[in-house]
Amino acid sequence: MNIFPAVDIKGGQCVRLRQGVEDAVTVFSEDPVTEALRWQDMGARWLHVIDLDGAFSGKPRNMELIRDLCARISIPVQLGGGIRDLPVAAAYLEAGVTRLIIGTMALEEPGLFRDLCAAFPGRIGVSLDARNGRLKTRGWVEDAGKTVAEVVPELEGAGTSFFIYTDISRDGMQSGVNVPALEALMDLTDRPVLIAGGISTLNDIRAVYPLSRKGLAGVITGKAIYAGSLNLREALDWLEKQAAS
């Protein structure tokens, strides 16, 4: 199981939103690249990057910044936000991104999503972002009219290689993981699953670690590592000890 530090980009800055609300912004740094290097230096093996401007507008807004970030770090990057056609997906992969996270396209344009998975096998995952069990799209502002259980078989059939589950009500709140919802998703799929939303302390990581035996591949954390309630190096050391035992 890995820990994926989050670098959420809005207006060229490294930020965090509260429950995904566009205007509920906390700016952590004016230089996302510096933050990416900081997490890499602490031992992170992956980086989770979201173009929030792209997520809300439906178009890439920070392509050059993300290209620079990928060039400056040596660990792989997974990226989401505003990827809604094949040319944009191809441009990000050419810019150095290792794999892509798709939300809106996967739920609203299944044929196009299937084409994307076929074009870039093993490099496309789906972000399942839910509030009270209902999936959201377009930067979490529109109801997809579907539940997680309804879409997982279709997305697997289309070729998704991993899932990210976010409980929107817990995102940026540091209120703990929605373990029952996570377990329900993992019962539906044999694809690797990452969890986002609610990670606050090392105890939260300890709480979900047993699920790594069922396919939990990682946790994504943003506010906790920026605010200091979770020490990334300490958490990575703890995971290494579990793997060795």
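In case you missed it, the structure is sitting above this.
Report follows, based on the coordinates.

### Side note on the pattern of salt bridges
Scanning all chains against the criterion turns up 8 salt bridges. The salt bridge involving Glu240 is made with Arg45; its shortest N-O contact spans 3.1 Å. In this pair, Glu240 is assigned in helix H11 (residues 232-244) and Arg45 in the loop between helix H1 (32-41) and strand S4 (47-51), connecting sequence segments 195 residues apart. The exposure class of Arg45 is partly exposed, given its relative accessible area of 39%. In this structure, Lys214 and Asp187 form a salt bridge, with 3.0 Å as the shortest nitrogen-oxygen distance. With Lys214 in the loop between helix H9 (202-208) and strand S12 (216-221) and Asp187 in helix H8 (residues 179-188), this pair connects stretches of sequence that are 27 residues apart. Accessibility expressed as a relative area gives 43% for Lys214, which makes it partly exposed. Taking relative accessible area as the criterion, Asp187 reaches 58% and is therefore assigned exposed. Through salt bridges that share partners, Arg45, Arg233, Asp237 and Glu240 make up one connected network.

### Side note on the packing of aromatic side chains
Aromatic rings considered in pairs are described by the distance between their centres and by the relative angle of their planes. Scanning the model with the defined rule gives 4 aromatic pairs in all. Pairing Trp39 with Tyr226 gives two aromatic rings, centres 5.2 Å apart and planes at 90°, and the pair type is edge-to-face. Residue Trp39 is found in helix H1, and its partner Tyr226 is found in helix H10 (residues 223-227); the two are separated by 187 residues along the sequence. Residue class for Tyr226 comes out buried when judged on its relative accessible area of 14%. Seen from the ring of Trp46, Arg99 lies directly overhead, with NZ or CZ sitting 4.3 Å from the centre. The ring centre of Phe162 lies 4.0 Å from the NZ or CZ of Arg99, which sits over that ring.

What counts and what doesn't
- Residues numbered from 1 in each chain as written.
- Predicted model: local features only at pLDDT ≥ 70, side-chain atom pairs only at ≥ 80, totals over all residues.
- Heavy atoms only, no water.
- Salt bridge = Lys/Arg side-chain N within 4 Å of Asp/Glu carboxyl O.
- Helix = DSSP H or I, 4+ residues; strand = E, 2+ residues; numbered from the N terminus.
- Buried < 20%, exposed > 50% of the residue type's maximum accessible area, 1.4 Å probe, protein only.
- Phe/Tyr/Trp six-rings, centres within 6.5 Å; stacked < 30°, edge-to-face > 60°.
- Lys NZ or Arg CZ within 6 Å of the ring centre and 35° of its normal.

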